[in-house]
Amino acid sequence: MIGKEEIRRIKETLAIAEGPILSLYLDINPAKPENANRAYALRAKDAMKALGVPQDLQDRVLEVLKNQVLEAKTAVFFAKDKLFETLLLQVELPLVSSLKTTFLGEKERRFLTDGALAHYGEPFLLPLIYALDEYERYGVVYLDQERWRVFEVFLGEIQEVGDAFLALDTEAWRRLSLDAPGRRFNLAGISRGGAGQDLFAKRLAAWEERFYKTLSHELEKLVEERGFTRLILMGPEEHTKLFLGYLPKRLKEKLVALLPSLPHPGASPGQVLKRLEPVLEEIERKGEVELLKKLEEAYPKAVFGPEVLERVQEGRVELWVLPWHLDQTAYACDGIFFPDEARALAQCQNPEAKPLAVVLPELAAGYAAKLEFVRGEAEKELLERGGMAALLRW
């Protein structure tokens, strides 16, 4: 699973390399018809040719694209001379699948087409760094019939945390799990069935409380160690809801879903991910819609439409929200970017038209604006509101 350490290693490797470097981001999602028969290889070839990438580098990239099985949604290449780094990501990246063909000249040396973003010069890491910073890291607690398991889900990949809940008494959990449907103790209280049964229920309640409190404490440490930003509980409803009651507030605030068990015990990480994928997609899209709603409620500290570009260049924008498929144009006059040609013409005679996706990285970094891209219903709403939004610092 790719992480910040891997990106740190790549950045350090690229930093000491001399001369221009090819940075290539390619949409290779096999589920898309436009990628049938490895059509992405042709897009990569066109992009590299337009940039004047040395033929040997082109050949090395095309060798991978044409002859290797790439089970991913996005392929990322960094290449020059003896340096050749390849990353396969299970997620799509912004700026990669948003533009019609655009080639910027010698100064910028960047080529964008629908499904490919190529840059030849300084390493271009923005789409990758954005993904690492913006994609949520999920912790999934799965209350299996046999044992408690934890999975980490990040950038479309899943791995089981092998050392999670090592202190758990698996035999005790098995007894609790099997006994749950017939127990007289429940969340509402204790059924009265004689003094002996009352005493048994009280002892069970005390043992159960210690059991779940211990697990809650272990999970809290795990969340801190692994950097989980969101939590999901999977398992029998009577157990997930009971465990939820013992979670501290800071963990409850991270919880985004309670899901039922899979039909068979011992599910593989791949089977767990398959069950999670539609849920995670729904959570992400819902969160983006809620973000736009919060921006609307934040007025006048939030703005929508073309004026956002002006606020960015005033240094006032804290969060800059943009559509995933970014095909807008900015017009430059003396280093200042305008959202339309008319405004630019009021400042200079021959404004230079540039895709916003091209100037976006420099603008965001230069004015310390955090980027957020939205898809689905949120993207539709944003386009209806002028194509961008921002939360202002002042």
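About the cut-offs
- Here, residues in each chain are numbered from 1, in the same order as that chain's written sequence.
- With pLDDT at 70 or above as the cut-off, local features in this predicted model cover only qualifying residues; side-chain atom pairs require 80 or more to be listed or tallied, and sums for whole chains, interfaces and linings still use all residues.
- Side-chain metrics rest on all non-hydrogen atoms present in the structure, leaving aside hydrogens and water.
- Starting at the N terminus, helices and strands are each numbered in turn, a helix being any DSSP run of H or I of at least four residues and a strand any DSSP run of E of at least two.
- Here the term buried applies to any residue with accessible area under 20% of the maximum for its type, exposed to any over 50%, and partly exposed to those in between, with areas from a 1.4 Å probe on protein chains only.
- Any two residues having at least one pair of non-hydrogen atoms within 4.5 Å are treated as being in contact.
- Residue burial considers only the protein chains on display, and all accessible areas are found by Shrake-Rupley using a 1.4 Å probe.
- Any Phe, Tyr or Trp ring, taking Trp's six-membered ring, that has another such ring centre within 6.5 Å forms a pair; planes under 30 degrees apart are called stacked, those over 60 apart edge-to-face, and the others tilted.
- Side-chain atoms within 4.5 Å link the members of a nonpolar core, which is a set of buried Ala, Val, Leu, Ile, Met, Phe, Trp, Tyr and Cys residues.
- The split of the chain into domains comes from an automatic or database domain assignment.
- As used in this structure description, the phrase polar contact means that two N or O atoms lie within 3.5 Å; if the pair is within protein, one of them must be able to donate a hydrogen and the other to accept it, and residues adjacent in sequence are counted only when both atoms belong to side chains.
- Pairing between strands is defined by DSSP: at least two bridges between them are needed.
- Orientation is described by lines fitted to C-alpha atoms, with helices fitted over the stretch in contact, and by angles between N-to-C directions that extend from 0 to 180 degrees.
- Roughly parallel refers to an angle under 35 degrees, roughly antiparallel to one over 145, roughly perpendicular to one between 65 and 115, and oblique to any angle outside these ranges.

As annotated in an unreviewed UniProt entry, the chain carries the name Peptide chain release factor 3 and is attributed to Thermus scotoductus.

Caption draft 1: Geometry of the overall build of the chain. Within the chain, the secondary structure is distributed over 13 helices and 20 strands. Out of the 394 residues in the chain, the part that is buried amounts to 50%. A sequence separation of at least 24 residues applies to 69% of the contacts in the chain between residues at least 6 apart. Carbon and sulfur atoms make up 50% of the accessible area of the chain, which amounts to about 19700 Å² in all.

Caption draft 2: Broad picture of the packing of aromatic side chains. Tallied over the full model, the rule gives 12 aromatic pairs. Measuring from ring centre to ring centre gives 6.0 Å for F77 and F84, while their planes differ by 55°; the resulting arrangement is tilted.

Caption draft 3: Broad picture of the nonpolar core. Judged by nonpolar contacts, the single largest core of 49 residues is most densely connected at Y25, F78, W320 and L322. For this core, the element with the highest residue contribution is helix 12 (residues 356–366), accounting for 6 residues. Counting contributing residues per domain, this core is built from domain 1 (4–134) and domain 3 (296–392), each supplying no fewer than three. Counting 24 residues, the second largest nonpolar core, distinct from the first, contains I28, Y40, A72 and F77.

Caption draft 4: Spatial organisation of unusual backbone geometry. The residue after Y299, namely P300, is reached through a cis peptide bond having omega 10°. Relative to the helices and strands, P300 resides in the loop between helix 9 (269–297) and strand 14 (302–304). At L155, a residue that is not glycine, the phi angle is positive and equals roughly 50°. For L155, the location among the structural elements is in the loop between strand 8 (148–154) and strand 9 (157–160). According to the relative accessible area criterion, L155 is buried, its value standing at 4%. Within the chain, D334 stands out as a residue other than glycine whose phi angle is a positive 50°.

Caption draft 5: Highlighting the environment of R230. With respect to the secondary-structure elements, R230 resides in strand 12 (residues 230–234). As for R230 and V153, which are separated by 77 residues in sequence, their C-alpha atoms are 9.8 Å apart. Beyond its immediate stretch of four places on either side in the chain, R230 contacts E136, R137, Y138, G139, K254, V256, I283 and E284. A distance of 3.2 Å separates a polar atom in the side chain of R230 from a polar atom in the side chain of E284.

Caption draft 6: Inspection of the sheet that holds strand 8 at higher detail. Read from one edge of the open sheet, 5 strands run 9-8-7-12-13, paired in mixed fashion. With one partner strand each, in any of the chains shown, strand 9 and strand 13 (255–259) form the two edges of the open sheet. In this sheet, neighbouring strand axes are inclined to one another by 20° on average, regardless of whether the strands run parallel or antiparallel. By the bridge criterion, 4 bridges tie strand 12 to strand 13 in an arrangement that is parallel. The residue of strand 13 that forms the bridge with L233 is L258. Across the sheet, helix 7 (residues 237–244) is in contact with strand 7 (138–143), strand 8, strand 12 and strand 13; its angle to strand 13 comes to roughly 155°. On top of the sheet, helix 9 reaches strand 7, strand 8, strand 9, strand 12 and strand 13; it is set at about 125° to strand 12, its chief contact.

Caption draft 7: Local environment of the pairing of strand 19 (residues 370–374). Counting buried residues along strand 19, 4 of its 5 residues qualify, which places the element largely inside the surrounding structure. Here 5 bridges tie strand 15 (residues 317–323) to strand 19, and the two strands are oriented parallel to one another. Considered in strand 19, the bridge of L319 is made with K370.

Caption draft 8: Looking closely at the packing of helix 2 (residues 39–51) against helix 3 (residues 55–67). Across the interface, helix 2 lies against helix 3 with an axial gap of 10 Å and an inter-helix angle of 170°. As judged from the angle between their axes, helix 2 and helix 3 are roughly antiparallel. Contacts between helix 2 and helix 3 involve Y40, A41, A44, K45, M48 and K49 on the former and, on the latter, Q58, V61, L62, L65 and K66.

Caption draft 9: Molecular detail of the sheet that holds strand 16 (residues 329–333). As summarised here, the arrangement of the 3 strands in space is 17-16-18, forming an open sheet in which the pairing is antiparallel. The open sheet has two edge strands, strand 17 (336–338) and strand 18 (352–355), and neither has a second partner. Strand-to-strand twist of the sheet, defined as the mean angle between neighbouring strand axes without regard to direction, takes the value 40°. As judged from the 4 bridges shared by strand 16 and strand 18, these two strands associate in the antiparallel manner. For A332, the partnering residue across the bridge sits in strand 18 and is E352.

Caption draft 10: Structural context of the side chain of R311. Summarising the element assignment, R311 is placed in helix 10 (residues 307–313). Residue classification places R311 among the buried positions, given a relative accessible area of 13%. Polar contacts involving the side chain of R311 include one to the side chain of E307, which spans 2.9 Å. With near-sequence residues (within four places) excluded, R311 lies in contact with V303, R316, V317 and L392.

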